[in-house]
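So the chains spell out like this:
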Amino acid sequence: MRNLKHFLFSCFMIGIIISSFGQQADEQITQTAITIKNGVSILILGTVQDAGSPHIACEKACCATLFKNQDASRKVVSLGVIDSKAQKSFLFEATPDIAAQLRDLRKHSTFKNTDIPDGIFLTHAHIGHYTGLMYLGKEATNANVVPVFAMPKMERFLENNGPWSQLVSHQNIILNPLQNREETQLTPNLKVVPFTVPHRDEYSETVGYRIKGPNKSALFIPDIDKWEKWDAEIISEIKNVDYAFLDATFYDGTEINTRDISEIPHPFVIESMALFENLSSSEKKKIHFIHFNHTNPLLRSNSEQTQKILENGFQITRKGQRFEL
Ligand SMILES: [Zn+2]
Ligand SMILES: [Zn+2]
Ligand SMILES: [Zn+2]
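Residues numbered from 1 in each chain as written. Chains lettered and ligands numbered in written order. Predicted model: local features only at pLDDT ≥ 70, side-chain atom pairs only at ≥ 80, totals over all residues. Heavy atoms only, no water.

Draft legend 1. Geometry of the overall build of the protein. Helix and strand counts for the protein come out as ten helices and 14 strands. Residues counted as buried form 50% of the 325 residues belonging to the protein. Relative to all contacts within the protein whose residues are 6 or more apart in sequence, the contacts with residues 24 or more apart total 69%. Entry remark: accessible area of the protein is about 15,900 Å², with carbon and sulfur atoms responsible for 50%. (Helix = DSSP H or I, 4+ residues; strand = E, 2+ residues; numbered from the N terminus. Buried < 20%, exposed > 50% of the residue type's maximum accessible area, 1.4 Å probe, protein only. Contact = heavy atoms within 4.5 Å. Areas by Shrake-Rupley, 256 points an atom, 1.4 Å probe, with all protein chains shown as cover.)

Printed below as a string of structure tokens:
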């Protein structure tokens with residue numbers, strides 16, 4: 001009995017210690033927010049491919065332990081953009097992880113007292129990139145006139161197909177049309193430009209974004225077919241920005257048991273590295289790989305592939321990173 005009491009007391013104390021660690025982490029987050037208070041910044045809210053991690057029905061080693069112990073850093077690709085001066089925040093992509101991601105965005109937007117952002121930008125109609133919109137509807141938060149920015153085909157898709165059309169008719173969301181390569185001014189210090197990219201476009205076109213702050217800008221291309229199929233030139237697009245968050249769905253063919261990676265409509269990381277091989281080290285440093293399939297070894301910070309990317313002068317995007325614009 002005495003031993004049991006002792007055991008319970010120890011558990012209680014450990015609980016206190018763990019929760020105070022959590023508090024410390026939160027304080028550190030607030031601290032980061034304060035140091036970038038006057039500027040515009042990007043906050044990484046997720047880095048994983050549409051289906052997340054662990055991945056449905058995955059029998060491989062990559063997901064085995066994740067079904068038992070979820071990893072809070074494994075969230076589907078999304079960026080938050082915070083303008084502290086204008087006191088506005090924006091979400092890029094509405095993922096299935098939107099609830100946690102909006103809470104994260106709010107935590108870093110010290111001026112904000114609700115989770116609902118001032119606008120949501122969509123790239124395309126694949127499940128990881130827009131289905132989080134459903135949480136704005138009646139069965140969830142029943143949001144009121146949240147501006148959603150989308151390209152024409154994406155807009156028609158949302159307007160004409162349930163359950164998305166209900167978000168429009170109930171005015172949970174208000175659609176704001178975008179045009180290819182036309183700039184939208186969001187605040188005095190923040191502009192966004194969408195541009196179309198080749199991808200598996202069944203329901204919508206696919207875009208990437210250039211996000212421009214007062215001093216720096218970023219390229220965000222989470223999904224694209226091979227670089228050479230694009231009508232723009234990725235190397236010169238990288239020259240025009242300070243950060244480039246680029247599709248890194250698969251590292252190489254071994255992940256999907258194929259040698260013929262030319263058939264898979266994504267730039268494999270090893271193909272991108274070869275293409276960017278002769279860039280200067282300052283150009284390479286801009287490249288931040290993102291949108292990792294559950295099989296991608298870059299999700300593990302201790303993998304040899306992660307080591308190789310870093311040794312070659314490139315970067316790997318991690319949830320929680322913040323970039324000043
Ligand atoms: Zn995707
Ligand atoms: Zn897996
Ligand atoms: Zn896609």
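Draft legend 2. The arrangement of helix 3 (residues 98–108) in detail. Within the span of helix 3, buried status applies to Ile 98, Gln 101, Leu 102, Asp 104, Leu 105 and His 108. Taken around the axis of helix 3, the buried residues stretch over an arc of 155 degrees, which confines them to a single face. (Arc of directions from axis to C-beta.)

Draft legend 3. Quick peek at the coordination of the zinc ion (ligand 3). Protein-derived ligands of the zinc ion (ligand 3) are His 124 (NE2), His 126 (ND1) and His 199 (NE2), with the metal-ligand distances lying across 2.1 to 2.2 Å. Between the two metal centres, the zinc ion (ligand 3) and the zinc ion (ligand 1), the spacing is 3.7 Å. Accessibility classification places His 124 together with His 126 in one group, the buried group. (Donors = N, O, S within 2.8 Å, 3.2 Å for Na, K, Ca; no water.)

Draft legend 4. Molecular detail of the layout of surface pockets. For the largest pocket, the calculated volume is near 270 Å³. Ala 72, Ser 73, Asp 104, Lys 319 and Gly 320 are the residues nearest the centre of the largest pocket, which is lined by twelve residues in total. Among the elements that line the lining of the largest pocket, the one with the most residues is helix 3, at five residues. Across the lining of the largest pocket, the residue classes tally to four nonpolar, four polar and four charged. (1 Å grid on protein atoms, 1.4 Å probe; cavity = no way out; pocket = protein on both sides within 12 Å on 5 of 7 lines; lining within 4 Å. Points joined across faces, edges and corners; volume = space filled by probe spheres on them. Nonpolar A, V, L, I, M, F, W, Y, C, P; charged D, E, K, R; others polar.)

Draft legend 5. Main features of the sheet that holds strand 3 (residues 88–92). As summarised here, the arrangement of the seven strands in space is 6-5-4-3-2-1-14, forming an open sheet in which the pairing is mixed. Whereas interior strands pair on both sides, the edge strands pair on one side only; in this sheet they are strand 6 (173–177) and strand 14 (322–324). Looking at chain direction, strand 1 (residues 40–46) and strand 2 (residues 78–83) are connected through six bridges and run antiparallel. Counterpart to Ile 44 in the pairing with strand 2 is Leu 79. Relative to the sheet, helix 5 (residues 152–160) contacts strand 5 (146–150) and strand 6, its axis offset from that of strand 6 by approximately 155 degrees. (Pairing = 2+ DSSP bridges. Axes fitted to C-alpha atoms, helices over the stretch in contact; angles between N-to-C directions.)

Draft legend 6. Structural view of the coordination of the zinc ion (ligand 1). Coordination of the zinc ion (ligand 1) by the protein involves Asp 50 (OD), His 129 (NE2), Asp 223 (OD) and His 291 (NE2), with metal-donor separations of 1.9 to 2.2 Å. Coordination of the zinc ion (ligand 1) draws on donor residues from a single chain, spaced D-x78-H-x93-D-x67-H in sequence.

Draft legend 7. Fine view of the packing of aromatic side chains. Evaluated as defined, the whole model comprises 15 aromatic pairs. Note on Trp 227 and Phe 276: the rings are 6.3 Å apart at their centroids and 55 degrees apart in plane angle, and the pair reads as tilted. Here Trp 227, found in the loop between strand 10 (217–221) and helix 7 (234–239), pairs with Phe 276, found in the loop between helix 8 (269–275) and helix 9 (281–286); they are 49 residues apart in sequence, far enough to count as distant. Given the relative accessible area of 0%, Phe 276 is considered buried. (Phe/Tyr/Trp six-rings, centres within 6.5 Å; stacked < 30°, edge-to-face > 60°.)

Draft legend 8. The arrangement of the sheet that holds strand 8 (residues 190–196) in detail. Pairing within the open sheet is mixed, and its seven strands lie in the order 7-8-9-10-11-12-13. Only two strands of the sheet have a single partner each, and these edge strands are strand 7 (184–187) and strand 13 (315–316). Pairing of strand 10 with strand 11 (residues 243–247) involves four bridges; the strand directions are parallel. The residue of strand 11 that forms the bridge with Leu 219 is Ala 244.

Draft legend 9. Local environment of the pattern of salt bridges. One pass over the full model with this rule turns up 13 salt bridges. In this structure, Arg 74 and Asp 71 form a salt bridge, with 3.8 Å as the shortest nitrogen-oxygen distance. Residue class for Arg 74 comes out buried when judged on its relative accessible area of 13%. Note that Asp 225 and Lys 229 form a salt bridge whose closest N and O atoms lie 3.9 Å from each other. Classification of Asp 225 by relative accessible area gives buried; the value is 13%. Take Lys 229: its relative accessible area is 54%, and that puts it in the exposed class. Each member of the salt-bridge network shares a partner with another, and the members are Arg 103, Arg 106 and Asp 115. (Salt bridge = Lys/Arg side-chain N within 4 Å of Asp/Glu carboxyl O.)

Draft legend 10. Region of interest: the nonpolar core. By size, the foremost hydrophobic cluster in this structure holds 29 residues, and its most contacted members are Ile 221, Trp 230, Ile 234, Leu 246, Phe 276 and Ile 309. Every element with two or more residues in this core is listed here: strand 10, helix 7, strand 11, helix 8 and strand 12 (287–290). Here Ile 309 is in contact with Tyr 251, Val 269, Met 273, Phe 289, Leu 298, Phe 314, Gln 315 and Ile 316, once residues within four sequence places are set aside. (Core = buried A, V, L, I, M, F, W, Y, C linked by side-chain atoms within 4.5 Å.)

Draft legend 11. Just the side chain of Glu 255, in detail. You can see Glu 255 is positioned in the loop between strand 11 and helix 8. No salt bridge is formed by the buried Glu 255; its nearest oppositely charged neighbour, Lys 60, is found at 7.4 Å. Within the local environment of Glu 255, its side chain forms a polar contact with the backbone nitrogen of Tyr 251, the two atoms lying 2.5 Å apart. A polar atom in the side chain of Glu 255 sits 3.3 Å from the backbone nitrogen of Asp 252. Residues within four places of Glu 255 in sequence aside, it is in contact with Lys 60, Thr 249, Phe 250, Asn 293, Thr 295, Asn 296 and Pro 297. (Lys, Arg positive; Asp, Glu negative; His and termini not counted. Polar contact = N/O pair within 3.5 Å; in protein donor to acceptor, adjacent residues only side chain to side chain.)

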